[in-house]
Amino acid sequence: MSATFDKRALMRPNILRHLSRYRLARVVKSAITYAILIALSVVLGFPLFWMVMTSFKNQREVFSSFWPKSFELTNYERVWNAMDLPAHLQNSLYVTGLNVTIVVIAATLAGYAFARLRFPKRELTFYIFLAAMMIPGQAILIPMFIFLKRIGLLNTRTGLALSMTGGAIAFAIFIMRAFFRSLPGELADAGKIDGCTEWGVFWRIYLPLSRPGIATIVIFQFMGTWNEFMFSTTFIYKPQLKTIQPALYQAVGRYAIDYTALSSGLILAIIPILIVFLTLQRQFIKGLTAGAFKG
Amino acid sequence: MATDISEPLPGTKWRFRSLLLPYLFLLPATFFLAVFMAYPMIDAILLSFKRWDGLNPAVWVGLRNYRLLMQDDVFWKAFKNTAFFTIATVLLQTTIPLLVANLINSGIRGGAIFRMIFFLPVIISLTITGMLWSMILEPNFGMLNEMLRNLGLKEWTQLWLADRQLVIPSIIVVSLWQSLGFYLVIFFAALQSVPEDLYEAASIDGANAIDRFLHVTIPMLRGTIIVVVVLNTINGIKVFDQVWVMTAGGPNHASETLGTYLYRTAFGAMGSSNPQLGYATAIAILILIMSFVFSVIQIRTGQMREVEM
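Since we're looking at a predicted model, the values are computed, not measured.

Undergrad: Any chance you could explain the packing of helix H3 (residues 73-104) of chain B against helix H7 (residues 167-191) of chain B here in plain terms?
TA: When two helices pack together, you describe them by how their axes are tilted relative to each other and by the distance separating the axes. Residue and element names in this part refer to chain B. For the pair H3 and H7, the least separation of the axes is 7 Å and the interaxial angle reads 40°. Compared by their axis directions, H3 and H7 come out oblique. The handedness of the crossing between H3 and H7 comes out as right-handed. Considered class by class, the residues forming the contact of H3 with H7 number 19 nonpolar, 6 polar and no charged.

Undergrad: Please explain the environment of Thr165 of chain A as it appears in this structure.
TA: Looking at the secondary structure, you find Thr165 of chain A in helix H8 (residues 165-182). Since 27 C-beta atoms lie within 10 Å of it, Thr165 of chain A is described here as buried. Along the sequence, Thr165 of chain A and Arg204 of chain A sit 39 residues apart, while their C-alpha atoms lie 27 Å from each other. Not counting residues within four places of it along the chain, the set of residues in contact with Thr165 of chain A comprises Asn99, Ile102 and Val103 of chain A together with Phe32 and Phe36 of chain B.

Undergrad: Quick question: what am I supposed to make of the nonpolar core here?
TA: In a soluble, globular protein the nonpolar side chains are often hidden away together inside. Formed by 164 residues in total, the largest nonpolar core has its most connected members in Ile169 and Ile173 of chain A. The dominant element in this core, judged by the number of residues it contributes, is H7 of chain B, at 14 residues. Here this core gathers at least three residues from each of two domains, domain 1 (2-56) and domain 2 (75-292) of chain A. Apart from residues lying up to four places away in sequence, Ile173 of chain A is in contact with Ala107, Ala110, Gly111, Phe114 and Phe129 of chain A together with Ala29 of chain B.

Undergrad: Would you explain unusual backbone geometry in this entry?
TA: Residues apart from glycine generally show negative phi values, whereas peptide bonds are mostly found in trans. A positive phi is found at Asn155 of chain A, a non-glycine position, where the angle reads about 65°. As for its position among the elements, Asn155 of chain A is in the loop between helix H6 (137-150) and helix H7 (157-163). With 14 C-beta atoms packed within 10 Å, Asn155 of chain A lands in the partly exposed category. Although it is not a glycine, Trp160 of chain B adopts a positive phi angle of roughly 50°.

Undergrad: It is not clear to me how the confidence of the model for chain A should be interpreted in this structure. Could you clarify?
TA: A residue-level look at chain A finds 89% of positions with pLDDT of 70 or above and a mean pLDDT of 84. Ranking the elements of chain A by mean pLDDT puts helix H1 (residues 7-11) of chain A last with 54 and H7 of chain A first with 96.

Undergrad: Would you take a moment to explain the domain arrangement of chain A for this structure?
TA: The figure often quoted for interface size is the accessible area lost as the parts come together. Residue and element names in this part refer to chain A. What the domain assignment reports for chain A is domain 1 (2-56) and domain 2 (75-292). Distance between the C-alpha centres of domain 1 and domain 2: 39 Å. Contact with domain 1, which involves 4 residues of that partner, is made by 7 residues of domain 2. Its residues assigned to classes, the side of domain 1 that touches domain 2 comprises 2 nonpolar, 2 polar and no charged.

Undergrad: What's the story with the environment of Asn235 of chain B in this structure? I'm lost.
TA: Residues and elements named next belong to chain B. Checked against the element boundaries, Asn235 lands in helix H10 (residues 222-237). On the basis of neighbour count, Asn235 is assigned to the buried category, with 21 C-beta atoms found within 10 Å. Separated by 56 residues in sequence, Asn235 and Ser291 place their C-alpha atoms 8.8 Å apart.

Rules behind the numbers
- Residues numbered from 1 in each chain as written.
- Chains lettered and ligands numbered in written order.
- Predicted model: local features only at pLDDT ≥ 70, side-chain atom pairs only at ≥ 80, totals over all residues.
- Axes fitted to C-alpha atoms, helices over the stretch in contact; angles between N-to-C directions.
- Helix = DSSP H or I, 4+ residues; strand = E, 2+ residues; numbered from the N terminus.
- Parallel < 35°, antiparallel > 145°, perpendicular 65-115°, else oblique.
- Left-handed = near helix turned anticlockwise from the far one by under 90°.
- Nonpolar A, V, L, I, M, F, W, Y, C, P; charged D, E, K, R; others polar.
- Buried ≥ 20, exposed ≤ 12 C-beta atoms within 10 Å, placed from the backbone.
- Contact = placed C-beta atoms within 7 Å.
- Core = buried A, V, L, I, M, F, W, Y, C linked by C-beta atoms within 7 Å.
- Domains from an automatic or database assignment.
- pLDDT = per-residue confidence, 0-100.

In structure tokens form, the structure reads like this:
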């Protein structure tokens, strides 16, 4: 901005007018920027806002007014009891917890190896691992179904959690490798001089520094597993073991046009993931900025 | 896991361990990738050459499934829809997030708040997104038509998801709504690493905002743009969740995608009973080949650098 400042303007008597015109241009520019961003926020946020409003309405108000007259919590109560939401949320927590734990441990170790350790054919091995990222879930859906059935894990939450580890680990390795690469390599030398073993260098020096990277894969993986639909709906068909996404999808039929109940159900399913995101989001942005997607 | 610092550095035992160490680090990931990705993948390739209903023994039929697919009208319909969806989402979900990320990064205040608002739909699953937008787009009771009627724009009301022409564009808009924030955050993070003096130098040379965007931002973000295009392509080719929840491929296959067609053939929709697992897996293999080929082409044409990936 400052570069457009014209030296010759100083020589002129109407310097004030020039300055204010320059300032005006800036004000107009940021006003336009804000206008676009606010308009976009309204468009993006409105459906969510509408959903929250609808969840507080009683059934007569759904179509008659935009604002709920008396913020009622009865819809939440109704859905909570009718759908046995606590059970489904618990199933989702179990599946997500187990899956995220496995993926984070496996990917942190492997990401570190690909970024910092030396071994033959390191880059080639990395690209082979990375190829798994491109395999869409559909490709392994049916064989996975058969496999889980054979090892007795079909219709179990553990089986579902395990079935989602393969592709996820590849993506998480991709991010962790980028993150470990963004940390200075001199740290390892310093550690070795101080007498750390290779494991010590990882455990005492790099791991404590990798919190933003780990937060990033925790968020991605938590979102991915909590929100997963195709495997969840296929590998578990016992109603009481279903995770939250397929359970909600099934309930849609029951609540077809009962928008108040449906809205509160959707919101209850969103809350846990919202909490995870809000807790980790600062680290998440840091982790992303460290360069996972710089190409 | 004790770290014995006192361990002597030289010595065969130590050297052996440090040679082995990388493989120990890779062991857990390799195990899960092998058992829960590589093994089912190989199984899928074999299954696509068989005919199997899931009950009777599978029969090896060679390329029959693939040959039948080539003559299957619904498959081609699904293919066209998937191609259209993928091209549209790659274009929209790369350009719009890039532009918006630039606006947020232009030095205005409150950027973090906007970033947060735009990211909110991302944490919501595609399933929930689909259900929410089904409520909004429902022709009789939906919020959108209701709003249009209240604004006196009754002639603008549409059947949306029930309209053969509008169903795919509607799904594209819904997908854009959900994933804009995701790519936005990726671009925003990448923009932080573009050195400020590049912009200043460009300004001194007389470049305006558009010049700076075209000649500084885009070249500097090339790697990130490729990653976003590849992610969008992969997600487009395998699109399933939101389509299945909103329309299940209807009305009359108008929004059938490769993902929904595969699922319907394998597990049947609404309790249909004629699972064709081999045939469905052949579709899956085609999805895989397409994602792979397009990703490689995109990475190659973008000449992805190997550093800092």
